[in-house]
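Tertiary structure, described
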Amino acid sequence: MQPDTSAAPSASKRAVVRVLDGERLFPPPIWMMRQAGRYLPEYRATRAEAGGFLDLCYTPKFAVEVTLQPIRRYGFDAAILFSDILVVPHALGQEVWFAEGEGPRLTPVDLDRLDALDPTRLLDRLAPVLDAVAGIRAALPPETTLLGFCGAPWTVATYMIAGRGTPDQGPARKAALLQPEGLRRLMDMLVDASVRYLVAQLQAGADAVQIFDTWAGALDDEGFEAYAVDPVARIVAGVRAAVPGARIIGFPKGASARLPDYVRRTQVTAAGIDWQTPVAFVRDHVQPLVPVQGNLDPLRLIAGGDALDRGVDHVLNGLGGGPLIFNLGHGITPDASPDAVARMVDRVRGATEGRARP
Ligand code: CP3
């Protein structure tokens, strides 16, 4: 029997955890996807010291440091483990590297030769990441929620198959149609790896975990069911079999009108919402089912000023009447302004009930 880390008494008082448990808090708690990143000068300094991006991810001292940087600067209500979704294929034995300024590169997998990957050493190879989780928890203020994460099998598979990011995930979508058996076996491997990895993160001290499905929106109806809904439903069930009550945020970017179905079928605890999804739709059709997290357009943090304020108010007015974790609709970009982030945090924290209740 595994310890139920999600039920630790101190954890249940953390604001992000309270909202995940269904409470409405106003002002809502706030954190940002990619909050540790290149828009921060202190991140760029640590990254230069670490050498490569993967060295940053696999050296607990550096991973802990960059995770804490945005907490120190802005006092966010949640910290997210600093790592990357592509450490899983890397730990399965695929070659992964980050070319400066070009994004991730992988040696594409051959779906007919998946035995070239070795799932047996996964958690050994990810041990430094799990050490970082424990180190982050020990260093965080007690009121700050700690989030772990993984990539959803579909999104991870799109990189494993194409060997890089592509505009429309054509290579993986083609594989779904031309090599369905190979893709199914890859999905099974990633479901199993994700369950073991997320359970290990929860046991190392994460209060909740988020499953990033950045490319869910590239799929048609049949593909969405097979590759975005089904694998995530199996991960949720698998994680909760080991950690009862585990809190899991699903972020199926681009799911839009499919969100209510995704939520019901996967049984995620909460839904991350991208900025393209209408706030009124989320309020009427998603928030009645689960707490929501989102969904400011990250580019408003480049603009700042009134454009930023309008975006913040639109989210608060539309979603502040129910359980909400304020966040962006996708990761913050390297050209965002650190001052605009401070302005966003102040505006959310200074929000008053009246303004957010229509
Ligand atoms: O949110 C956080 O602060 C936690 C850390 C985190 C990173 N990547 C750090 C990172 C998380 C949760 C991710 C998830 C991730 N990684 C996703 C899913 C979410 C999303 O943003 O869509 C995806 C698709 C990846 C794969 C990936 N890693 C890409 C496409 C890139 C290059 C894009 C870019 O911004 O350069 C990365 C690199 C990466 N991951 C960086 C960071 C801070 C930038 C690397 C650098 O410092 O040079």
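Residues numbered from 1 in each chain as written. Predicted model: local features only at pLDDT ≥ 70, side-chain atom pairs only at ≥ 80, totals over all residues. Heavy atoms only, no water.

Here's the deal with the overall build of the protein
Helices and strands together make up the secondary structure of the protein, namely 17 helices and nine strands. Computed over its C-alpha atoms, the radius of gyration of the protein comes to 19 Å, within 12% of the 21 Å expected for a compact globule of 358 residues. Considered along the principal axes of its C-alpha atoms, the protein spans approximately 60 × 45 × 45 Å. The long-range fraction of contacts in the protein, counting pairs at least 24 apart against all pairs at least 6 apart in sequence, stands at 73%. (Helix = DSSP H or I, 4+ residues; strand = E, 2+ residues; numbered from the N terminus. Rg over C-alpha atoms; globule rule 2.2 N^0.38 Å. Contact = heavy atoms within 4.5 Å.)

What about the packing of helix H7 (residues 127-139) against helix H10 (residues 180-204)?
Two numbers describe how H7 lies on H10: the axes approach to 8 Å, and their chain directions differ by 30°. Comparing the axis directions of H7 and H10 gives the class roughly parallel. Handedness of the crossing formed by H7 with H10: right-handed. Listed contacts from H10 to Val129, Leu130, Val133 and Ala134 of H7 are Tyr197, Ala200, Gln201 and Ala204. Across the contact of H7 with H10, the residue classes break down as seven nonpolar, one polar and no charged. (Axes fitted to C-alpha atoms, helices over the stretch in contact; angles between N-to-C directions. Parallel < 35°, antiparallel > 145°, perpendicular 65-115°, else oblique. Left-handed = near helix turned anticlockwise from the far one by under 90°. Nonpolar A, V, L, I, M, F, W, Y, C, P; charged D, E, K, R; others polar.)

A short note on H10
Between its first and last C-alpha atoms H10 spans 36 Å; for 25 residues at 1.5 Å apiece the expected length is 36 Å, and the two agree. Just beyond H10, the residue with positive phi is Gly205, at close to 125°. (Expected span 1.5 Å × (residues − 1).)

So, the pairing of strand S9 (residues 324-328)
Summarising burial for S9: five of the five residues are buried, a large majority. Going residue by residue along S9, you find Leu324, Phe326 and Leu328 tucked away on one face and Ile325 and Asn327 tucked away on the opposite face as well. Two elements, strand S8 (residues 292-296) and S9, share five bridges in a ladder whose sense is parallel. The residue bridging Leu296 from the neighbouring strand is Leu328, located in S9. (Buried < 20%, exposed > 50% of the residue type's maximum accessible area, 1.4 Å probe, protein only. Pairing = 2+ DSSP bridges.)

Things to note about the site of the ligand
With respect to spatial proximity, 22 residues lie near the ligand, and among them Arg34, Arg38, Tyr43, Asp84 and His330 are the closest. Thr214 is positioned with one of its side-chain polar atoms (N or O) 2.7 Å from an oxygen atom of the ligand. Taken by itself the ligand offers 860 Å² of open surface, and the protein chains cover 89% of this. Taken atom by atom, the bulk of the ligand overlaps the largest pocket. Residue assignment for the shell around the ligand shows that the elements contributing at least two residues are helix H2 (41-50) and strand S3 (103-106). Classifying every residue of the shell around the ligand gives 13 nonpolar, five polar and four charged. (Near = heavy atom within 4 Å. Polar contact = N/O pair within 3.5 Å; in protein donor to acceptor, adjacent residues only side chain to side chain. Areas by Shrake-Rupley, 256 points an atom, 1.4 Å probe, with all protein chains shown as cover. 1 Å grid on protein atoms, 1.4 Å probe; cavity = no way out; pocket = protein on both sides within 12 Å on 5 of 7 lines; lining within 4 Å. Sits in = over half its atoms within 2 Å of the grid points.)

From the geometry alone we can't say anything about function, so treat these as descriptive.
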